[in-house]
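# Understanding the architecture of this molecule
So the chains spell out like this:
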Amino acid sequence: MADIFIVDPQVNVRRLIKNILTRRGHNIYTFATSEEALDSIKKGDRPVLMFLDLKMPKMNGFDFIEKLEELGCSFPIVVVTELDKPDIIRKAFIMGVCDFITKPFAPQELTEAFENCVRAEEGLQKRVRQIEKLIKDEKISKATREIRRLIKDFPDSPYPHYLFALVSGEDKKTKHLKAALALDENFKGARELLEKKEEKDNN
Amino acid sequence: MPILRGTSKKKGYYFVIFGCGRLGSRIANWLSGTGNSVVVVDREEVAFQSLFYEFTGFTIIGDATELETFRSAKVDMADFVLVLTSDDNTNVMIGMVAKEYYNVPRVLARVTDPNNIELFSEFGIEIICPTMLAVENIEERLGFNESDEE
């Protein structure tokens, strides 16, 4: 069961996506505008995945994605839109969306996009745990190799930078932790480690 | 033959309906209300006024004789295509394209003239003939059957 946000101005689309995913046991939260969704996120709500239309009444989908980046949100976004021009699709992927679906859509398009994006995110978490174990077992060179692979596969994720901070010397630790926090300002592990490091440096 | 017979069970089907008249709009309302993804295609925007407010599908204004309309409706992904315009010639053409060109698993078309039933069946299109249904219904209500005739 996962918390999923749907941000779409069309009530029929919100209802349809909700119908399809509720039957699969997920918790669905719907928003008619970017502003409504942004308010919820600012309150601290974080979905596992967000379905987002680009064509919105006030703040459009691209501006909304930029706002999410500013807030340091790193959950996967699947675009669901009637806009299908190649430059729009290219721009969306450059901005880091996980998948792009055009309207109208078949239920399997929606569920496949959800499963692929969430699986990729889960794959990331599994690899992070494996690398953390290598570090714990002091297999640092192997861990470093794995972190390099991880950053190639997930360039927008803060985790590789956090893990680099764990294996790097004191001089480079701060740089990596700040990079992780630049990608996700709510990254608790990086924040705590940086605070400890700064406290130690001040003493 | 029940429309969902012979298809694999999954959560929600993708239906494309050509024609949003009295029949098309009622079917579209029912299918979307039962949790399926439904696309309704019609040449006239005004036809979509027959859809309920609760209709959760998509509408496309388009000419079904153009392939672009099929592409916009993503007919290639459809589990079912229902061809429900009032014109038999249009219906056989749409049904053929859906069946032969896009390999849609189930194509069901409305046939107004019972003389066209054989033509539709030759292309593997399942048919629904309101005239024949009415005839059968009247026969049943009148209580005649073959043994009475003998």
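Note: the structure precedes this text.
A few points on the structure. (Residues numbered from 1 in each chain as written. Chains lettered and ligands numbered in written order. Predicted model: local features only at pLDDT ≥ 70, side-chain atom pairs only at ≥ 80, totals over all residues. Heavy atoms only, no water.)

## Topic: the overall build of chain A
Stated formally: Strands here mean DSSP runs of E at least two residues long; helices mean DSSP runs of H or I at least four residues long; both are numbered from the N terminus. Whether two residues touch is decided by their heavy atoms; if any such pair falls within 4.5 Å, the residues are in contact. Areas reported as accessible are Shrake-Rupley estimates using a 1.4 Å probe. Residue values count occlusion only from the protein chains shown. We score Asp and Glu as negative and Lys and Arg as positive, and we do not count His or the chain ends. We put the charge of a Lys on NZ, of an Arg on CZ, of an Asp on CG and of a Glu on CD.
Regarding its fold elements, chain A presents nine helices and five strands. Scanning chain A from its N terminus toward the C terminus, one meets helices and strands in the order β-α-β-α-β-α-β-α-β-α-α-α-α-α. Referenced to the eigenvectors of the C-alpha coordinate spread, the extents of chain A come out at roughly 55 × 35 × 30 Å. Sequence-distant contacts, at least 24 apart, represent 59% of the contacts inside chain A between residues at least 6 apart. Total accessible area computed for chain A in this model is approximately 10800 Å², and 48% of it derives from carbon and sulfur atoms. Averaged over its 36 positive side-chain charges, chain A has a centre that lies 4 Å from the centre of its 35 negative ones.

## Points about helix H7 (residues 159-167) of chain A
Operational definition: Each residue's exposure class comes from its accessible area (1.4 Å probe, protein chains only) as a fraction of the maximum for that residue type: buried when under 20%, exposed when over 50%, partly exposed otherwise.
Counting buried positions over the nine residues of H7 of chain A gives seven, a clear majority of the element. Taken as a whole, H7 of chain A has its buried residues at Pro 160, His 161, Tyr 162, Leu 163, Phe 164, Ala 165 and Val 167 of chain A.

## Considering the layout of surface pockets
Residues and elements named next belong to chain A. Definition in use: Only protein atoms enter the calculation, which uses a 1 Å grid: trapped sets of points that fit a 1.4 Å probe without letting it out are cavities, open sets showing protein on both sides within 12 Å along at least five of seven lines are pockets, and any residue with an atom within 4 Å of a point is a lining residue. Grid points are joined across faces, edges and corners, and a volume is the space filled by probe spheres set on the points. For this classification, the nonpolar set comprises Ala, Val, Leu, Ile, Met, Phe, Trp, Tyr, Cys and Pro, the charged set comprises Asp, Glu, Lys and Arg, and every other residue, Gly included, is treated as polar.
Here the largest pocket is characterised by a volume of approximately 970 Å³. Considering the residues around the largest pocket, the lining is formed by 35 residues, among which Ser 74, Phe 75, Pro 76, Glu 121 and Asp 156 are closest to the centre. Counting residues per element, the ones that place at least two in the lining of the largest pocket are helix H3 (61-70), helix H5 (107-136) and helix H8 (170-183). Element by element, the count of residues in the lining of the largest pocket is highest for H5, at seven residues. By residue class, the composition of the lining of the largest pocket is 22 nonpolar, six polar and seven charged.

## Remarks on the interface of chain A and chain B
For the record, the criterion: In short, buried area is how much 1.4 Å probe accessible area vanishes from two parts on joining, totalled over both. In the sections that follow, a salt bridge refers to a side-chain nitrogen of Lys or Arg positioned within 4 Å of a carboxyl oxygen of Asp or Glu. Pairs of N or O atoms are called polar contacts if they sit within 3.5 Å, as long as, within protein, a hydrogen donor faces a hydrogen acceptor (for residues adjacent in sequence, only side-chain-to-side-chain pairs).
On the side of chain B, 21 residues touch chain A, which itself brings 16 residues to the contact. Counting the surface lost from both chain A and chain B, the interface buries some 1600 Å², and carbon and sulfur atoms represent 56% of this. If you sort the residues of chain A by the area they bury against chain B, Arg 15, Arg 23 and Pro 104 of chain A come out on top, with a joint share of 37%. Here chain A is connected to chain B by one salt bridge. Between Lys 74 of chain B and Glu 109 of chain A there is a salt bridge, and its shortest N-O distance comes to 3.0 Å. Linking chain A with chain B are seven residue pairs in polar contact (both at pLDDT 80 or more), by the criterion used here. Taken together, the elements giving at least two residues each to the side of chain A that touches chain B come down to helix H1 (11-22) and H5 of chain A. For the side of chain A that touches chain B, the element with the most residues is H1 of chain A, which contributes six residues. Split by residue class, the side of chain A that touches chain B holds seven nonpolar, four polar and five charged.

## Re the environment of Glu 136 of chain B
For Glu 136 of chain B, the location among the structural elements is in helix H5 (residues 130-142). Glu 136 of chain B sits 94 residues away from Asp 42 of chain B along the chain, and the two C-alpha atoms are 30 Å apart.

## Topic: the nonpolar core
Applicable threshold: To define a nonpolar core, start from buried Ala, Val, Leu, Ile, Met, Phe, Trp, Tyr and Cys residues and group those joined through side-chain atoms within 4.5 Å.
In terms of nonpolar packing, the biggest core is built from 46 residues, with Phe 51 and Phe 105 of chain A together with Val 16, Phe 18, Val 75 and Val 81 of chain B touching the most fellow members. Look past the residues within four positions of Phe 105 of chain A in its chain and what remains in contact with it is Val 13, Leu 16, Ile 17, Ile 20, Val 80 and Leu 110 of chain A together with Tyr 14, Ser 37, Phe 58 and Lys 74 of chain B. The next biggest cluster of nonpolar side chains, apart from the first, holds 24 residues, and it includes Leu 52, Phe 62, Cys 73 and Val 97 of chain A.

## Details of the sheet that holds strand S5 (residues 99-102) of chain A
The strands making up a sheet associate through hydrogen bonds between their backbones, and the pairing can be parallel or antiparallel. All names here are of chain A. How we decide: Paired strands, in this sense, are two strands between which DSSP finds at least two bridges. Axis definition: a line fit to C-alpha positions, over the contact stretch in the case of helices; interaxial angles, taken between N-to-C directions, run 0 to 180 degrees.
The strand order across the open sheet built from five strands is S2-S1-S3-S4-S5, with neighbouring strands paired in parallel fashion. Each edge of the open sheet is held by one strand with a lone partner, namely strand S2 (27-31) and S5. Within this sheet the neighbouring strands show an average axis-to-axis angle of 20 degrees, counted without direction. In this structure, strand S1 (residues 3-7) lies alongside S2, joined through five bridges in parallel fashion. Bridge pairing in S2 links Asp 3 to Asn 27. Packing against the sheet, helix H2 (residues 34-42) makes contact with S1, S2 and strand S3 (49-52), and its axis sits at approximately 150 degrees to S1.

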